[in-house]
Amino acid sequence: MSKAVIDGKTIADAYFRRIEMSGDNTAHLVKSEGQYRSLTWNALHEKVLGIFENYQKLGIHEGERVCIISNTRSEWNIADLANLVSGVITVPIYQSNTLEDVVYLLNHSTPKLIFAEDDSQIEKIRAAFEKTKKPMPVVYFDSKNPVQEGLQLTSFASFAQFSGNKQVAEDLKKIAQALSPDSMASIVYTSGTTGKPKGVVLTHKNFCAEFRAIIEQFQLSSDDRVLSFLPNAHILGRVESLMTVFAGWEMAYAENLNSISQNLGEVRPTLLISVPRIYEKVFAKIQADIASAPPLKQKIFHWSVKVGRQVARMRSEQFPIPVSLLAKYQIADRLVFSKVRAKMGGRIRMTVSGGAPLAAELCEFFHACGVKILEGYGLTETSAAVAANFPGDYRFGTVGKPLGDSEFKIAPDGEILIRGSIVFKEYYRDPEATRAAFTSDGWFATGDIGEISERGFVKITDRKKEIIVTSAGKNIAPQKIENLLKTHRFISQAMVCGDKQKYLGALITVNQDDLSSWAKLSGISFETFEELIKKETVIKLIGEKVKAVNEQLASFETIKTFRILPKDFTTETGELTPSLKLKRKVVLDKYKDLAEDLFR
């Protein structure tokens, strides 16, 4: 086992120490020709040297920007490391960004080169160049048509080929050693749920403070293995990818989002870092499987979950577990929970959830199964996690305690304010937005509403800009209600409406495949999905869940009416950000008539 690097002053400093300690160890696991193959740290470093050598030839120097537009993959991480070690500033672009977004980001960040994943991204870049009138070299990871008119294209394989020139290696070390903690490491653009994205400037100090705090609390090491599938353009996915340097763990890459279940079994990770949507899908799949199981199996499952929840709550509160309850739990584990864990590879010791709120009920369910989900909280501006539940100190329904030297306080209007080494420096080329983001005494205003318990646990109740104010003047946090709705087997997404209205309504999307299968088994005839969701039986089914949720809420928070939408929310159709957050304005614009119908 290699030691974690917790005292690196810069990412470059930590990187060279990792190469020294772990040169022959596996850095990445990438699936090729049907099986996962290992890339060692020494082999990865050869590629980093090759990229730097080509930067020298192209005249790309420290302090200049390079963009990466691609799905998460090994090449993304290698290109990023080459930038961070050589002082070049990485500017991630989501692969799902529109042409308009890409044009804006290129004009704003003024890069010298772009790494692009495949032909679809190359075409997007070409179209963007036509608008910006500023072409530049493009290095592609995969392409079936590598010769395209008007573009200076190079394959990653050739661009990362190192000549062996010792002077290049010496030059890279010299630049790396000259970097300081305050050197700019990356400009990470916010996902833009409201208005234009802002470029968050993160320094080496920000990242190193984040990694140090995480390693100290979560006891990470080179014995760990992670299955990576989060977008590297999102700060949580980015921190996960760079943790390989500091923790020394093995990073295995999922083939795509649809192959996660299969890849879990192949890779057998010890850690999983995800956004709530993935856990929601796993939970929905388990519910669907049990619903179609024989009555005896259903009875055993529900008994086991009841026992598991009791144990999970007691562990959360750090109460001693009675011997009789522990004996029941061991039976439940053998009959049910071990099978759930086996589907996730069988070796997971903990998982992390971030990027959006996770329903407490869902978190408790996975703890009951022996899969410890530790929810955290952070923003791009806080270099990802700024608070987290720790392995031996967690509470359901909270995002844990502050990480590292981070300090929290609550403003008079309920907004969470933060300061510490993890907090960003500024918004790139936007001094006005930078000033607006901080209080006069230097606290970063997060835009999130929350509270802090006597024991120091932070609870997020909602986004400041998303609070619904009814005509009666009641302030309501929609995310809490939406999370409760999403625990239903068939409900995929929900958006609560009701600003300036007398009561609340909800726009709901359902799991099309699961609902269609259930309808066929129930003998409900339909020709199209739109016809199915208008059936009285389906409306009643979803209505029962809405009623059950209402029973957990104050009267002014209850959903009085709802509409089922014909399509799910996706990033491709624009209702979700690439980090799977809800774009409320887009949903309201797209389903304006249905939203208004809620209050007629």
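Residues numbered from 1 in each chain as written. Predicted model: local features only at pLDDT ≥ 70, side-chain atom pairs only at ≥ 80, totals over all residues. Heavy atoms only, no water.

1. Some points on the environment of Ala433
Stage number 1. If you trace the backbone, Ala433 turns up in helix α15 (residues 431-437).
Stage number 2. Not counting residues up to four positions away in its chain, the partners in contact with Ala433 are Lys198 and Tyr427. (Helix = DSSP H or I, 4+ residues; strand = E, 2+ residues; numbered from the N terminus. Contact = heavy atoms within 4.5 Å.)

2. Considering the sheet that holds strand β20 (residues 444-452)
Stage number 1. Reading across from one edge, β17-β18-β20-β21 is the order of the four strands in this open sheet, with antiparallel pairing throughout. The outermost strands of the open sheet, each flanked by one partner alone, are β17 (407-410) and β21 (458-463). Mean inter-strand twist for the sheet, computed between neighbouring axes without regard to direction, equals 50 degrees.
Stage number 2. In this structure, β17 lies alongside strand β18 (residues 415-419), joined through four bridges in antiparallel fashion. Directly across from Lys409, in β18, lies its bridge partner Leu417. (Pairing = 2+ DSSP bridges. Axes fitted to C-alpha atoms, helices over the stretch in contact; angles between N-to-C directions.)

3. Remarks on the packing of aromatic side chains
Stage number 1. Across all of its chains, the model carries 21 aromatic pairs by this definition.
Stage number 2. On the numbers, 6.0 Å between centres and 15 degrees between planes, the contact of Phe207 with Phe211 is stacked. A residue pair is termed a helical-turn pair when its members lie 3 or 4 positions apart in one helix, as Phe207 and Phe211 do in helix α8 (residues 204-218) at four residues.
Stage number 3. A relative accessible area of 0% places Phe211 in the buried class.
Stage number 4. Aromatic pair Phe424 and Phe438: ring centres 5.3 Å apart, planes at 20 degrees, arrangement stacked. Separated by 14 residues along the polypeptide, Phe424 in the loop between β18 and β19 (426-427) and Phe438 in the loop between α15 and β20 bring together distant segments of the chain.
Stage number 5. Given the relative accessible area of 23%, Phe438 is considered partly exposed.
Stage number 6. Taken together, Tyr55, Phe115, Phe141, Phe156 and Phe159 form an aromatic cluster joined through their ring pairs.
Stage number 7. A cation over a ring is seen here: Lys198 above Tyr427, with NZ or CZ 5.3 Å from the ring centre.
Stage number 8. In this arrangement the basic side chain of Arg315 is found over the ring face of Tyr329, its NZ or CZ atom lying 5.3 Å from the centre. (Phe/Tyr/Trp six-rings, centres within 6.5 Å; stacked < 30°, edge-to-face > 60°. Buried < 20%, exposed > 50% of the residue type's maximum accessible area, 1.4 Å probe, protein only. Lys NZ or Arg CZ within 6 Å of the ring centre and 35° of its normal.)

4. Describing the pattern of salt bridges
Stage number 1. Taken as a whole, this structure holds 35 salt bridges when the rule is applied.
Stage number 2. The partner of Arg73 in a salt bridge is Glu117, and the shortest N-O contact between them spans 3.1 Å. Of this pair, Arg73 sits in the loop between β3 (65-69) and α3 (74-86) while Glu117 sits in the loop between β5 (113-116) and α5 (119-132); the two residues are 44 residues apart in sequence, bridging distant segments of the chain.
Stage number 3. Using a relative accessible area of 13% as the deciding quantity, one classes Arg73 as buried.
Stage number 4. The salt bridge involving Lys486 is made with Glu280; its shortest N-O contact spans 3.4 Å. (Salt bridge = Lys/Arg side-chain N within 4 Å of Asp/Glu carboxyl O.)

5. Digging into the nonpolar core
Stage number 1. Counting 132 residues, the largest nonpolar core has Phe115, Leu220 and Leu227 as the members making the most contacts within it.
Stage number 2. Core analysis: the second largest hydrophobic core is formed by 29 residues, Ile491, Ala506, Ile508 and Ile533 among them. (Core = buried A, V, L, I, M, F, W, Y, C linked by side-chain atoms within 4.5 Å.)

6. Considerations on the pairing of β20
Stage number 1. As judged from the three bridges shared by β18 and β20, these two strands associate in the antiparallel manner. The residue of β20 that forms the bridge with Glu415 is Ile449.
Stage number 2. Hairpin remark: β20 followed by β21, antiparallel, with five residues in the connecting loop; positive phi at Gly456, about 90 degrees.

7. As for the side chain of Thr270
Stage number 1. Mapped onto the elements of the fold, Thr270 is located in the loop between α10 (260-267) and β12 (271-274).
Stage number 2. Relative accessible area serves as the criterion here: at 8%, Thr270 is assigned to the buried category.
Stage number 3. A distance of 2.8 Å separates the side chain of Thr270 from the side chain of Asp224, its partner in a polar contact.
Stage number 4. Aside from chain neighbours lying at most four places away, what touches Thr270 is Asp223, Asp224, Arg225, Arg347, Ile348, Arg349 and Met350. (Polar contact = N/O pair within 3.5 Å; in protein donor to acceptor, adjacent residues only side chain to side chain.)

8. Here's the deal with unusual backbone geometry
Stage number 1. Positive phi values are uncommon outside glycine, yet Glu33 reaches one of about 55 degrees.
Stage number 2. Its relative accessible area of 74% is what places Glu33 among the exposed residues.
Stage number 3. The phi angle at Arg429 is positive, at roughly 55 degrees, despite the residue not being glycine.
Stage number 4. Position of Arg429 among the secondary structure elements: in the loop between β19 and α15.
Stage number 5. Looking at Arg429, the relative accessible area reads 48%, which means it is partly exposed.

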